[in-house]
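The residues making up each chain are set out below.
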Amino acid sequence: MGQIPLSYLLSILALFLFSLSFFSVDLFMPHLKRWKSEKMLLESKVYLDDSIDGSSDLLDFGIAKAKIAYLLNPTNEEAFDNYNLLLFRSKPSNALKSWFAYLETMDAAADKRVLLLERCLNTLRNDELPIMDRRIAAEIAFSQMRTLAQAEGWMDDPENVVLVCELLAESGRLSEALNMIRTLVQKHPKHPPAIFLLVRLSVHLKDTSELPWIGNSLAILSTRKDDVGIEAIRHMSLLHLILPIDPDSLNKCINLLSSNENAKPIDFLRINALRFASTRNETEQNLIIKTCSQLFDLENPKELLIFSNWLAKLKAFPSLIEYLPSSKAKTDENLFKIRMNALANLKDVASIHQEVKGAVIIPT
């Protein structure tokens, strides 16, 4: 019997290997898809970083990666959420519709619907988005609200009622929201979010019927040494628009801020702006400005910009010229504009001409 050619054996082996791979593809392909999906999911998570602009090509690249990761493994909830989180930053209405469609196919837990409702609220609050995007967000939000409200006991939680009131307010149904929040604070008079929303609605609608109670409630909450105390003081400054706070109370707010480690410089600026406006004593006004200047490193352009903007809003133009000298303004466009505005208000035309000529940020 003749010897079998080597080429024939190799052909048989190749055919065997091909057949083996062909018929076993269903076994290893799912594993390959999952591996590839997990790899692309991990890579796409990088694009969730807040430093990446919502309208950049870089974000679009991340969205494409996340979509492939999801399509390779459509049963992976993490891949689905990751894709929609990225999409939400670029095209929020598309992401909201995707989440909504997903929840409608399942008996979703209340916390998932609440999360979608909160995302819809964030979209509604974004005035830079097209009206159609916000309209879609409102429709989905009300759909989730109606579903949640039917669940036994859901509306008994004050946090949930506040969420409903916020949705009503953002949708323009302010009076309805105000009536509902009034009912809530009668049942839960010490619930901070309800009190804060009542303040905002009362100020917006110029409703004075609850002012004494609101003022007393905020005064009590402001003594807390946590974020609630800071929020109470912030809402007191808002309440000032319809119920002016007396100077002694403003000074007390400053003391409370000083003893609360959660206070930010902006909180001191807000109250001190009210103190500045409540006095006509120039010496006292200058002392307020000097005290606030010590909150910042005025050699830092970013911090100097914050302080200078605050002085501009106070219309304290002589002080602004003092704290923002030409030497610092001429190399920064934003600072330069603020100083030019102050000089214009002081009608110092000569200085404007001189400083424009010497400003290095203006091309020859």
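Since we're looking at a predicted model, the values are computed, not measured.

Thresholds, definitions, all that
- Residues numbered from 1 in each chain as written.
- Predicted model: local features only at pLDDT ≥ 70, side-chain atom pairs only at ≥ 80, totals over all residues.
- Heavy atoms only, no water.
- 1 Å grid on protein atoms, 1.4 Å probe; cavity = no way out; pocket = protein on both sides within 12 Å on 5 of 7 lines; lining within 4 Å.
- Points joined across faces, edges and corners; volume = space filled by probe spheres on them.
- Helix = DSSP H or I, 4+ residues; strand = E, 2+ residues; numbered from the N terminus.
- Nonpolar A, V, L, I, M, F, W, Y, C, P; charged D, E, K, R; others polar.
- Axes fitted to C-alpha atoms, helices over the stretch in contact; angles between N-to-C directions.
- Parallel < 35°, antiparallel > 145°, perpendicular 65-115°, else oblique.
- Left-handed = near helix turned anticlockwise from the far one by under 90°.
- Contact = heavy atoms within 4.5 Å.
- Phe/Tyr/Trp six-rings, centres within 6.5 Å; stacked < 30°, edge-to-face > 60°.
- Buried < 20%, exposed > 50% of the residue type's maximum accessible area, 1.4 Å probe, protein only.
- Lys NZ or Arg CZ within 6 Å of the ring centre and 35° of its normal.
- Core = buried A, V, L, I, M, F, W, Y, C linked by side-chain atoms within 4.5 Å.
- Polar contact = N/O pair within 3.5 Å; in protein donor to acceptor, adjacent residues only side chain to side chain.
- Expected span 1.5 Å × (residues − 1).
- Arc of directions from axis to C-beta.

## Observations concerning the layout of surface pockets
One number sums up the size of the largest pocket: a volume of about 260 Å³. Around the largest pocket, the lining comprises 13 residues; the ones closest to its centre are Gly215, Ala219, Met236, Ile245 and Ser249. The element that contributes the greatest number of residues to the lining of the largest pocket is helix H13 (residues 247-258), accounting for 4 residues. Class assignment for the residues of the lining of the largest pocket results in 8 nonpolar, 3 polar and 2 charged. Taken as a whole, the second largest pocket encloses approximately 220 Å³ of empty space.

## What about the packing of helix H3 (residues 57-72) against helix H4 (residues 77-90)?
For the pair H3 and H4, interaxial distance at closest approach is 8 Å and the crossing angle is 155°. Considering the angle they form, H3 stands roughly antiparallel to H4. For the crossing formed where H3 meets H4, the hand is left-handed. Between H3, through Leu59, Asp60, Gly62, Ile63, Ala66, Lys67, Ala69 and Tyr70, and H4, the contact on the second element is made entirely by Ala79, Phe80, Asn82, Tyr83, Leu86, Leu87, Arg89 and Ser90. Here the residues of the contact of H3 with H4 are counted per class, giving 10 nonpolar, 3 polar and 3 charged.

## A closer look at the packing of helix H6 (residues 110-124) against helix H8 (residues 158-170)
Orientation of H6 relative to H8, taken along the N-to-C sense of each, is 30°, at an axis distance of 10 Å. The pairing of H6 with H8 is recorded here as roughly parallel in orientation. Crossing hand, H6 versus H8: left-handed. Together, Val114, Leu117, Glu118, Leu121 and Leu124 of H6 and Leu163, Glu166, Leu167 and Glu170 of H8 make up the contact between the two elements. Each residue belonging to the contact of H6 with H8 can be placed in one class, and the counts come to 6 nonpolar, no polar and 3 charged.

## A short note on the packing of aromatic side chains
If you walk through the whole model with that rule in mind, you get 8 aromatic pairs. An angle of 75° between the planes, with centres 6.0 Å apart, marks the rings of Tyr47 and Phe61 as edge-to-face. One end of the pair, Tyr47, is in the loop between helix H2 (25-44) and H3; the other, Phe61, is in helix H3, and 14 residues separate them in sequence. The buried category is assigned to Tyr47, whose relative accessible area is 12%. Residue classification places Phe61 among the partly exposed residues on the basis of a relative accessible area of 46%. Between Phe296 and Phe307 the ring centres are 6.0 Å apart and the planes differ by 40°, which places this aromatic pair in the tilted class. Taken together, the residues span a long stretch of sequence, with Phe296 in the loop between helix H15 (282-293) and helix H16 (301-314) and Phe307 in helix H16 at a distance of 11 residues. Put simply, the rings of Tyr70, Phe80, Tyr83 and Tyr102 touch in pairs and so form one group of aromatic residues. The ring of Trp99 carries the charged tip of Arg119 above its face, separated from the ring centre by 4.0 Å.

## Structural notes on the nonpolar core
For soluble globular proteins, nonpolar side chains are generally found buried alongside one another. Core analysis: the biggest nonpolar cluster contains 72 residues, and Leu96, Leu167, Ile181, Leu201 and Leu218 have the highest contact counts within it. Of all hydrophobic cores here, the second largest spans 27 residues; its members include Leu269, Ile321, Leu343 and Ala359.

## Topic: the side chain of Ser44
One can find Ser44 in helix H2. Engagement of the side chain of Ser44 in a polar contact is seen with the backbone oxygen of Leu41, the distance being 2.9 Å. If sequence neighbours within four positions are ignored, Ser44 has contacts with Gly62, Lys65, Ala66, Asn82 and Leu86.

## Describing unusual backbone geometry
Even without being a glycine, Lys206 presents a positive backbone phi close to 55°. Along the chain, the position of Lys206 falls in the loop between helix H10 (192-205) and helix H11 (211-221). A relative accessible area of 65% places Lys206 in the exposed class. Positive phi outside glycine occurs at Lys315, with the angle close to 60°. As for its placement among the helices and strands, Lys315 is situated in the loop between H16 and helix H17 (317-323).

## Here's the deal with H3
Along its 16 residues, H3 runs 23 Å from first to last C-alpha, staying within 8% of the 22 Å computed at 1.5 Å per residue. Buried within H3 are the following residues: Leu59, Gly62, Ile63, Lys65, Ala66 and Ala69. Projected down its long axis, H3 shows its buried positions confined to an angular sector of 165°, all on one face. Across H3 from its buried face, at more than 90 degrees, point the exposed residues Asp57 and Leu71.

Everything listed here is a matter of coordinates, which is why it stays silent on function.
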